[in-house]
Amino acid sequence: MGFSSMLNQNFVGVRYFYQSYTSRDGIFNDSPKVDENFNTAQLWARIPVFKNFQVSALVPYHSHNRELSTGYQEINGLGDITVLGLYTVYQTQKDSVVYNHVLQAGGGVKMPTGDYKTTNNGSVNPSFQVGTGSWDYLLAAEYVVRRDRLGLNTMLNYSIKTENDDNYQFGNQLNYGSTLFYIIEKPKYSLVPQLGLAGENYAANKQFGEKLPDTEGDIFFGKAGIEAGYQGFSIGINTMLPISQNLVGGRVESNYRWSINLNYSL
């Protein structure tokens, strides 16, 4: 759900996000449906290292559950830690009127710190994991244009997945999104309402180098949220609702996502 805050360029904080899915417990069209709940608590930060260079870090803890025909299943544990470096490629600003463009680009790595279970890949939703078991590499770009209080944040990142020790490889993933925001500044606090669109595209997963059928997919979201800031602290709430989707050959359906975060500005 992104690496940045619309209110704080540099921060440390905590974030919780929830994802609701409905999957078919079986390979047939009339197989029973299963509600899957993905819960993630995350430490996240965006820290300036030197001029024009920032590092973002995500440290997640996952708790996922679902009720299968064979019984209740729950998995918990530390997820895969991500570290991403972004360099300011281009930036402009005009005197007394805030009217600027900021373009950042960079890359990073996702480490296999989360536990990967081969048995869960036999389920309809192969993403029911706390980790992928693989080293993955990220390319990312973020562009912000702002005039006075109105701004637009656009992000793009691409994950290059590798094969794990169990000869399983999740498909490469493209994430993109654009968020329109408006900054309301008061003497003691700030508010930033937000409205945007986001999407994800997944290539097919592989096992022993062979593509697995019906494991690719795409989803397109509408999203809305608000952030409030007070004396260096900020709290944000966001929700995402799918507009269109085709996940795992139509056998997995995303219902909604929402998140809440508490940050401290650096």
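In what follows, the structure referred to is the one given above.
Residues numbered from 1 in each chain as written. Predicted model: local features only at pLDDT ≥ 70, side-chain atom pairs only at ≥ 80, totals over all residues. Heavy atoms only, no water.

Trainee: Even after reading the chapter, I still don't get the pattern of salt bridges, so can you show me in this structure?
Mentor: If charged atoms from side chains of opposite charge come close, those side chains can pair. As enumerated under the stated definition, the model contains seven salt bridges in all. Here Lys-110 ties to Asp-136 by a salt bridge, and the two come within 3.2 Å at their closest N and O atoms. Placement of Lys-110 in strand S6 (residues 97–110) and of Asp-136 in strand S7 (residues 136–147) is noted, with a sequence separation of 26 residues between them. Assigned by exposure class, Lys-110 and Asp-136 land together as buried. The salt bridge partner of Asp-115 is Lys-117, with a shortest N-O separation of 3.3 Å. It is possible to trace a salt-bridge network through shared partners that takes in Asp-80, Lys-110 and Asp-136. (Salt bridge = Lys/Arg side-chain N within 4 Å of Asp/Glu carboxyl O. Helix = DSSP H or I, 4+ residues; strand = E, 2+ residues; numbered from the N terminus. Buried < 20%, exposed > 50% of the residue type's maximum accessible area, 1.4 Å probe, protein only.)

Trainee: Explanation requested: the side chain of His-101 in the structure shown.
Mentor: Checked against the element boundaries, His-101 lands in strand S6. Within the structure, His-101 has its side chain in polar contact with the side chain of Tyr-143 (distance 2.5 Å). Those residues in contact with His-101 that sit more than four places away from it in its chain are Tyr-90, Gln-91, Thr-92, Tyr-143, Val-144 and Val-145. (Polar contact = N/O pair within 3.5 Å; in protein donor to acceptor, adjacent residues only side chain to side chain. Contact = heavy atoms within 4.5 Å.)

Trainee: Just checking my understanding: could you explain the pairing of strand S17 (residues 252–265) for this structure?
Mentor: On a regular strand, one side chain projects to one face of the sheet and the next to the other, so that they alternate. As paired elements, strand S1 (residues 11–24) and S17 share 13 bridges and run antiparallel to each other. By the bridge assignment for S17, Tyr-18 is matched with Trp-258. Taken together, the nine bridges between strand S16 (residues 233–247) and S17 define a ladder with antiparallel strand orientation. Its bridge partner lying in S17, Ser-234 is registered against Asn-263. What sits between S16 and S17 in their antiparallel hairpin is a turn of four residues, with Val-248 showing a positive phi close to 50°. (Pairing = 2+ DSSP bridges.)

Trainee: Honestly, the environment of Leu-78 in this entry has me stumped. Any pointers?
Mentor: The residue Leu-78 is located in strand S4 (residues 71–78) in this model. Note: C-alpha distance between Leu-78 and Gly-114 (36 residues apart in sequence) is 5.3 Å.

Trainee: Help me understand the environment of Phe-220, please; the structure alone is not making it clear to me.
Mentor: In this fold, Phe-220 is placed in strand S15 (residues 217–230). Put simply, Phe-220 and Met-6 are 214 residues apart on the chain and 21 Å apart in space, counted from C-alpha to C-alpha. Excluding anything up to four places from it in sequence, Phe-220 contacts Tyr-176, Leu-197, Ala-198, Gly-199, Leu-241, Pro-242, Ile-243 and Ser-244.

Trainee: Mind showing me how you'd approach the nonpolar core here?
Mentor: Generally speaking, soluble globular proteins have nonpolar side chains that are buried together. Of all hydrophobic cores here, the largest spans 13 residues; its most connected members are Tyr-21, Leu-247 and Val-252. Contributions of two or more residues to this core are made by S15 and S16. Here Val-252 is in contact with Tyr-21, Thr-22, Ser-23, Val-124, Asn-125, Gln-245 and Leu-247, once residues within four sequence places are set aside. Core analysis: the next-biggest nonpolar cluster, separate from the first, contains five residues, Met-6, Phe-181, Ile-183 and Val-192 among them. (Core = buried A, V, L, I, M, F, W, Y, C linked by side-chain atoms within 4.5 Å.)

Trainee: Is there a simple way to think about the sheet that holds strand S13 (residues 206–207) in this case?
Mentor: The strands that make up a sheet are held in pairs by hydrogen bonds between backbone atoms, and each pair lies either parallel or antiparallel. The antiparallel open sheet is built from three strands, whose spatial order is S9-S13-S14. Edge positions in the sheet fall to strand S9 (168–169) and strand S14 (210–211), since each has one partner strand and no second.

Trainee: Would you mind going over the layout of surface pockets with me for this structure?
Mentor: Take a probe with the size of a water molecule and roll it over the atoms, and the empty space left behind shows itself. Empty space within the largest pocket amounts to approximately 650 Å³. Along the wall of the largest pocket there are 28 residues; nearest its centre are Met-6, Gln-9, Val-102, Val-144 and Arg-146. Among the elements of the structure, strand S2 (33–50), strand S3 (53–68), strand S5 (82–94), S6 and S7 are those that each provide at least two residues to the lining of the largest pocket. No other element matches S6, which puts four residues into the lining of the largest pocket. By residue class, the composition of the lining of the largest pocket is 10 nonpolar, 14 polar and four charged. (1 Å grid on protein atoms, 1.4 Å probe; cavity = no way out; pocket = protein on both sides within 12 Å on 5 of 7 lines; lining within 4 Å. Points joined across faces, edges and corners; volume = space filled by probe spheres on them. Nonpolar A, V, L, I, M, F, W, Y, C, P; charged D, E, K, R; others polar.)

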